[in-house]
Amino acid sequence: MNWSIFFEQVPDGDVAWWRMLAAGLAWTLATAVCAWVIAFGVGSVVGVARTTRWQWLVRLGNLYVEVFRNVPLIVQFFLWYFVVPGLVPALQTAVSNMDPTLFQFETAVVCLGLFTAARIAEQVRAGILSLARGQRLAAYALGLSEFQTYRHVLLPMAYRIIIPPLTSELMNLVKNTAVAYSIGLTELFFRTREMAEITFRYFEVFAVATLIYGATAFSANRLMAWVERRSAVPGYLGARR
Amino acid sequence: MESVPENAMISIRKVSKWYGAFKVLSDCSTEVKKGQVVVVCGPSGSGKSTLIKCVNALEPFQEGTITVDGTSVGDPATDLPKLRSRVGMVFQHFELFPHLSIMDNLTLAQIKVLHRDRQAALDKGLALLTRVGLRDQAAKFPGQLSGGQQQRVAIARALCMDPIAMLFDEPTSALDPEMINEVLDVMVQLAGEGMTMMCVTHEMGFARKVAHRVVFMDKGEIVEDVPSSEFFGNPEARAERARQFLSKILQH
Amino acid sequence: MGGAPLRGARLPGSAALSDLDFSVIGRSLPYLLQGLAYTIQLTVVAALGGTVFGTLLALGRLSTLTPLRMATSGYVNLMRSIPLLLVIFWFYFLVPMILQSITGAERPPQIGAARSAYITFVMFEAAYFCEIMRAGIQSVSSGQLSAALALGLTYGRAMRHIILPQAFRNMLPVLLTQTIILFQDVSLVSLLNVTDFVGAAVNIAQRDSRIIEMYSFVAVVYFALCYALSQAVKGLQRRIAVVR
């Protein structure tokens, strides 16, 4: 077991290997954060749409979820990276003028964001539906509009209820950033493979990568636990009805 | 706008409602005049909760008309949030918003719907909270209150909107027996002040005390609609179904 | 080891819609179906193996023996916190070494990625099926176990004949949904140059420069299959709900 390789220099550069891995981790986290913003925003909108009383909106939301849930992530990556720019001429020109790394990053963010949004939409919908029907009626009875009802009554409680499954989705998102290596994004998994292949120290490299991913997952978990504590409603245990 | 009887705050005319193929309300007609207290009772499944929810358009209905202070509830052009802000409703399960403090529960709709400024809303909220006897609970959250306290706050919340009428949907059915009276006392007081009230309830003691009229429903139809003195004083003249119901209820 | 296919490959040049030629799909259908067959095989093996192993893990997690409980929890948590890609690569790398030490061979046997994938997915999915079965076991009312023990059954027999069958029936829709997810996850083996359905399509796409057509085809087929399967699971759920 040779653990000092992490401090050796990369063959064609003058940085140590650990810095390459750290840079990879930075890309992983950046991708995850940006994708989460999209996922949470789009997922909330779609989830809410599926609980309104306008059937066309419900169907549209369902369509979105079905499309993004039934195609494997790697296929979606390929679609966004190759097929979509290939079919849309305007995108084609934009992409060829773009910095390749930026294109990979943006593709990864959009792909992961929309993929995770479908799953968050499911959670948001489940959260809203789990609220007693009377809450919505009580809000209407006071004269609140549909939008006000969602904003002030339904969503605040629904979000609190779904913090555990949302935590899962956040951890899944971080794990799924590894798939971005397939389009060349130099995130952590890319760097891990690269280092393992060049130094041949597969065990040590994979072990460290495992630790880093594990630590990241643990941190995400703790972060959400903190969010849950901070948003707890007095008098309710985890916001049970 | 069709003419409505004088002083009829709530007017229900020939209302029918279906859930799919199942008819839940059949040709219901009744009215609540200004300042009147009308109690709606009947066995479960009789449609009484559904009927009262039609009054403020929480439930749609397919036939008939409902008018509240001259505004037609079923008319597509009616501004429903505006209508609902003028009619207060109290629910069986209180339905306070658990993530908001008591004060926020009381002021939310005042600020967002009536566009009152924050201080005015707070003052009104505190005043009504005091009126239902819960001034010291202002900073708490619904989850920290008992059922009876939550229901009294719910009544205060509805009153904060300065409603022209109040609808009660089985307000004491979900309460433990020792808390029923504290809520009924508030309702009796409200009636005494001349509020127009329509109450779905099993509490016949309350009905006998303050109701002007009693409406008995069974299987989606209005079977009896008589002054309360008639309903309680002259049970032999009542329909068979109503008598059966009364005899079961009044055993307590 | 596998490289990221088409990494850094440039887009297929200005492809107007009229340039698309979908007949490539028809011509390469047998090859594609071979890939699909591998995907399905791997899914089935991993689902069955994962359920069995997952159930054992679940029993371990619920056990009163602390070392067993901690070991199984540790395993499950580990599998669930690292990316599947990393697990795939771990097993691709580890399985030959383990086999070497077991058989005492001179050098690690050449297990291709296609075969180590079977072990990988059984071990990986077991962690997820474990959580599902654990929830299932806990959903069976504790009175059932008490009644079984009161009749004189051992814990093992009670589990085998009373609790697990009920748990399995309760969680069947969730297990099937997880299998559909597994079916999609299998596509990651294409990144190790394994010829699963996606891998087959990628090979054709690269060979014939028909990237758009092949990827669209793959997406449509997956969508059709997974949507149909998830609708079937929903139908099953409805029927179970009625019976209960």
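Residues numbered from 1 in each chain as written. Chains lettered and ligands numbered in written order. Predicted model: local features only at pLDDT ≥ 70, side-chain atom pairs only at ≥ 80, totals over all residues.

(A) Broad picture of the overall build of chain A. Across its full length, chain A holds ten helices and zero strands. Reading chain A from its N terminus to its C terminus gives the helix and strand order α-α-α-α-α-α-α-α-α-α. Overall, chain A is about 70 × 50 × 25 Å in size when its C-alpha atoms are taken along their principal axes. Across the 241 residues that make up chain A, the buried fraction comes to 47%. Of all intrachain contacts in chain A linking residues separated by at least 6 positions in sequence, the fraction that spans at least 24 positions is 74%. (Helix = DSSP H or I, 4+ residues; strand = E, 2+ residues; numbered from the N terminus. Buried ≥ 20, exposed ≤ 12 C-beta atoms within 10 Å, placed from the backbone. Contact = placed C-beta atoms within 7 Å.)

(B) Here's a closer look at the sheet that holds strand β9 (residues 213-218) of chain B. Residues and elements named next belong to chain B. Read from one edge to the other, the open sheet built from six strands follows the order β6-β7-β8-β3-β9-β10, with strand pairing classed as mixed. Pairing within the sheet leaves two strands with one partner each, and these edge strands are β6 (87-90) and β10 (221-227). Direction aside, neighbouring strands of the sheet carry axes that sit 15° apart on average. Summarising the sheet, strand β7 (residues 165-169) and strand β8 (residues 196-200) pair through five bridges and their orientation is parallel. Bridging across to β8, Asp 169 finds its partner in Val 200. Here helix α5 (residues 147-159) sits on the sheet in contact with β6 and β7, set at roughly 170° to β6. (Pairing = 2+ DSSP bridges. Axes fitted to C-alpha atoms, helices over the stretch in contact; angles between N-to-C directions.)

(C) Representation of the interface of chain A and chain C. With 33 residues of chain A at the interface, the matching set in chain C holds 35 residues. Every element with two or more residues in the side of chain A that touches chain C is listed here: α2 (55-69), α3 (73-87), α4 (89-97), α8 (163-176), α9 (188-199) and α10 (202-230) of chain A. Here the residues of the side of chain A that touches chain C are counted per class, giving 23 nonpolar, seven polar and three charged. (Nonpolar A, V, L, I, M, F, W, Y, C, P; charged D, E, K, R; others polar.)

(D) Representation of the interface of chain A and chain B. Of the residues lining the interface, 22 residues belong to chain A; the matching set on chain B comes to 22 residues. Elements with a minimum of two residues in the side of chain A that touches chain B: α6 (133-141) and α7 (146-161) of chain A. Here the side of chain A that touches chain B is built from residues that sort into 14 nonpolar, seven polar and one charged.

(E) The arrangement of the nonpolar core in detail. Counting residues in hydrophobic clusters, the biggest one holds 206 residues, and the most contacted among them are A:Val75, A:Phe77, B:Val40, B:Met198, C:Ile88, C:Ala201 and C:Tyr215. Residues within four places of B:Val40 in sequence aside, it is in contact with B:Lys48, B:Leu51, B:Ile52, B:Met198, B:Cys199, B:Val200, B:Val215 and B:Met217. (Core = buried A, V, L, I, M, F, W, Y, C linked by C-beta atoms within 7 Å.)

(F) Up close: the pairing of β7(B). Residues and elements named next belong to chain B. Here β7 lies mainly inside the structure; five of its five residues are buried. Alternating residues of β7 divide into Ala 165, Leu 167 and Asp 169 and Met 166 and Phe 168, and every residue in both groups is buried. For β6 and β7, the ladder comprises four bridges, and the chain directions are parallel. Residue pairing for β7: Gly 88 is matched across the bridge by Met 166. As for the winding sense of the linkage, the β-α-β connection from β7 through helix α6 (residues 177-192) to β8 is right-handed. (Right-handed = clockwise from strand over helix to strand, strands pointing away.)

(G) Expanded view of the packing of helix α3 (residues 66-81) of chain C against helix α5 (residues 113-139) of chain C. Residue and element names in this part refer to chain C. At their nearest, the axes of α3 and α5 sit 9 Å apart, and the two run at 115° to each other. Taken together, the axes of α3 and α5 lie roughly perpendicular to each other. Viewed along their axes, α3 and α5 form a crossing whose handedness is left-handed. Seen from α3, the contacting residues are Tyr 75, Val 76, Met 79 and Arg 80; seen from α5, they are Phe 124, Ala 127, Cys 130 and Glu 131. Taken together, the residues of the contact of α3 with α5 sort by class into six nonpolar, no polar and two charged. (Parallel < 35°, antiparallel > 145°, perpendicular 65-115°, else oblique. Left-handed = near helix turned anticlockwise from the far one by under 90°.)

(H) Representation of the packing of helix α6 (residues 142-150) of chain C against helix α7 (residues 155-185) of chain C. Residue and element names in this part refer to chain C. Relative to each other, α6 and α7 sit at 160°, their axes nearing to 10 Å. Taken together, the axes of α6 and α7 lie roughly antiparallel to each other. As α6 runs across α7, the sense of the crossing is right-handed. Contacts between α6 and α7 pair Gln 144, Leu 145, Ala 148 and Leu 149 from the former with Ala 158, Ile 162, Ile 163 and Gln 166 from the latter. Its residues assigned to classes, the contact of α6 with α7 shows six nonpolar, two polar and no charged.

(I) A look at the arrangement of the chains. For this structure, the chain pair with the highest number of contacts among two pairs of chains in contact is chains A and C. In this structure chain B stays clear of chain C, and the shortest span between their C-alpha atoms is 20 Å.

(J) Up close: the environment of C:Ile180. All names here are of chain C. For Ile 180, the location among the structural elements is in helix α7. Spatially, the C-alpha atoms of Ile 180 and Ala 47 are 9.5 Å apart, while their sequence positions differ by 133 residues. When near neighbours in sequence (up to four residues on either side) are disregarded, Ile 180 contacts Cys 226, Leu 229 and Ser 230.

(K) Region of interest: unusual backbone geometry. A positive phi angle, near 50°, is found at B:Asp69, a position not held by glycine. Along the chain, B:Asp69 turns up in the loop between β4 (63-68) and β5 (71-72). Its identity is not glycine, yet C:Ser209 carries a phi of approximately 55°, on the positive side. Structurally, C:Ser209 is set in the loop between α8 (197-208) and α9 (211-243). C-beta crowding within 10 Å serves as the criterion here: with 15 such atoms nearby, C:Ser209 is assigned to the partly exposed category.

(L) Up close: the sheet that holds β4(B). All names here are of chain B. The four strands are arranged β2-β1-β4-β5 in an open sheet whose pairing can be described as antiparallel. Edge positions in the open sheet fall to β2 (22-33) and β5, since each of these has one partner strand only. Direction of pairing for strand β1 (residues 8-19) relative to β2: antiparallel, over a ladder of eight bridges. When the sheet's bridge partners are listed, Ser 11 is paired in β2 with Glu 31.

(M) Examining the environment of B:Ala109 more closely. Tracing the backbone shows B:Ala109 in helix α3 (residues 102-112). In sequence terms B:Ala109 and B:Gln119 are ten residues apart; their C-alpha atoms lie 14 Å from each other. Contacts of B:Ala109, omitting those with residues within four sequence positions, involve A:Leu142, A:Gly143, A:Leu144, B:Ser85 and B:Met161.

(N) Region of interest: α6(B). Residue and element names in this part refer to chain B. For α6, spanning 16 residues, the distance from its first C-alpha to its last is 23 Å, which sits close to the expected 22 Å at 1.5 Å a residue. Along α6, the positions that sit buried rather than exposed are Val 183, Leu 184, Val 186, Met 187, Leu 190 and Ala 191. Viewed along the axis of α6, the buried residues span an arc of 155°, placing them on a single side of the element. Looking at α6, the residues exposed on the side facing more than 90 degrees away from the buried face are Glu 178 and Gly 192. Structurally, α6 contributes buried residues whose contacts are with β3 (37-41), α5, β7, β8 and α7 (204-210). A positive backbone phi angle near 95° is found at Gly 194, which sits one or two residues after α6. (Expected span 1.5 Å × (residues − 1). Arc of directions from axis to C-beta.)

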